[in-house]
Amino acid sequence: MLIAKETFNILDEYFYELTPKNKEEIYKYYSLIETENQKYNLTGFYNENLLKEGIIESILIFKEIQNSIFDFNRSSEILDIGSGAGFPILPYFIINPNFNLTIYEPMTKRVNFLNKVIQNLNLKNIIVKQIRAEDSSEFEKFDFISARAVSELKNLIEISHKLGKNNATFCFLKSQNYYQEINNANWIKNKLNIDFKIVNLPVFFNINNTLVYYQKKSKTPHDIPRKWATIIKDNLKK
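The name an unreviewed UniProt entry assigns to the chain is Ribosomal RNA small subunit methyltransferase G, from the organism Metamycoplasma equirhinis. According to the UniProt record, the Subcellular location (unreviewed entry) comment for the chain is "Cytoplasm". Of the chain, the UniProt comment under Function (unreviewed entry) reads exactly: "Specifically methylates the N7 position of a guanine in 16S rRNA."

Written out as structure tokens, the structure reads:
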């Protein structure tokens, strides 16, 4: 486990703008993950890899989103689906808490961990809900919705579309096979009148990441989303 000084030195290599408070809070978050990892597999990252490939990469990803896709510095309602240990939205929120953040996470251990982070860092304007996106009734509430590799693109679109306001931005972090996922999403793409846009991110450390995003153009049909069992059954047919 890294000590505080080591953590601060590494953070300084990537971010000139972090305040001492930012760095202290990032270290607290990093330490909480390391402690939790000793109890169960919260994340596969440890030590310097946890700091770099988990926390720092998350911040760099959201800085790219801020620069080219969505302005988080305006008052907004943000939703992240299936955050797990909090990657990638939570590290960015820790240093830039200028929006209201809701996290949907169905697993109890992860919900408890995220609430522990909120309590220990005294974070405001953030709530964690133990719910699956397709079961949520927070329709047309959010300005920006994100998710990492919690499901295939077509599934993410279907379970989240109803939760976004008109003109909301939906942004999904994908790997190198994103083009295949886009092809697989033709049915839901056509049904919801979606035009995908792509941002290929720099390789910050070891992984090639791509952002697939779109803006909501029309109201979600009443038959979307379908029940999760129906979505999975339909996937098995294709």
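Overview of the overall build of the chain
Secondary structure assignment for the chain yields nine helices and seven strands. The C-alpha radius of gyration of the chain comes to 18 Å, within 12% of the 18 Å expected for a compact globule of 238 residues. Taken along the three principal axes of its C-alpha coordinates, the chain extends 50 × 35 × 35 Å. Relative to its 238 residues, the chain shows a buried fraction of 55%.

A look at the nonpolar core
In this structure, Tyr29, Ile65 and Phe113 are the most contacted members of the largest nonpolar core, which totals 56 residues. The leading source of residues in this core is helix α3 (residues 47-68), at nine residues. Beyond its immediate stretch of four places on either side in the chain, Phe113 contacts Tyr29, Leu32, Ile33, Glu36, Tyr40, Leu42 and Ala85. Of all hydrophobic cores here, the second largest spans 26 residues; its members include Ile145, Val212, Tyr214 and Ile224.

Notes on the pairing of strand β1 (residues 77-81)
In terms of residue burial, β1 counts as a mostly covered element, since four of its five residues are buried. Pairing between β1 and strand β2 (residues 100-104): five bridges, direction parallel. The partner of Leu79 across the bridge, within β2, is Thr102. Between the parallel elements β1 and β2, the chain passes through helix α4 (residues 89-95) in a crossover that is right-handed. By the bridge criterion, four bridges tie β1 to strand β4 (residues 142-147) in an arrangement that is parallel.

Quick look at the sheet that holds strand β5 (residues 164-174)
Sheet architecture is open: seven strands sit in the order β3-β2-β1-β4-β5-β7-β6, paired in mixed fashion. The sheet is open, and its two edges are formed by β3 (126-129) and β6 (197-200), each paired on a single side. Mean inter-strand twist for the sheet, computed between neighbouring axes without regard to direction, equals 20°. Sheet topology note: the β2/β3 ladder contains four bridges and is parallel. Along β3, the bridge assignment pairs Tyr104 with Lys129.

A few points about the packing of aromatic side chains
Per the counting criterion, the structure on display carries 18 aromatic pairs. Considering the side-chain rings of Phe62 and Tyr92, the 5.6 Å spacing of their centres and the 25° angle between planes classify their relative orientation as stacked. Pair noted here: Phe62 is in helix α3 and Tyr92 is in helix α4, with a separation of 30 residues, a long-range link. Taken together, a centroid distance of 6.3 Å and an interplanar angle of 85° make the contact between Phe196 and Tyr214 edge-to-face. One end of the pair, Phe196, is in the loop between α8 (186-191) and β6; the other, Tyr214, is in strand β7 (residues 210-215), and 18 residues separate them in sequence. On the accessibility criterion, Phe196 (17% relative accessible area) is buried. Using a relative accessible area of 1% as the deciding quantity, one classes Tyr214 as buried.

About the thresholds
- Residues numbered from 1 in each chain as written.
- Predicted model: local features only at pLDDT ≥ 70, side-chain atom pairs only at ≥ 80, totals over all residues.
- Heavy atoms only, no water.
- UniProt positions renumbered as here; feature names shortened; annotations may be inferred.
- Helix = DSSP H or I, 4+ residues; strand = E, 2+ residues; numbered from the N terminus.
- Rg over C-alpha atoms; globule rule 2.2 N^0.38 Å.
- Buried < 20%, exposed > 50% of the residue type's maximum accessible area, 1.4 Å probe, protein only.
- Core = buried A, V, L, I, M, F, W, Y, C linked by side-chain atoms within 4.5 Å.
- Contact = heavy atoms within 4.5 Å.
- Pairing = 2+ DSSP bridges.
- Right-handed = clockwise from strand over helix to strand, strands pointing away.
- Axes fitted to C-alpha atoms, helices over the stretch in contact; angles between N-to-C directions.
- Phe/Tyr/Trp six-rings, centres within 6.5 Å; stacked < 30°, edge-to-face > 60°.

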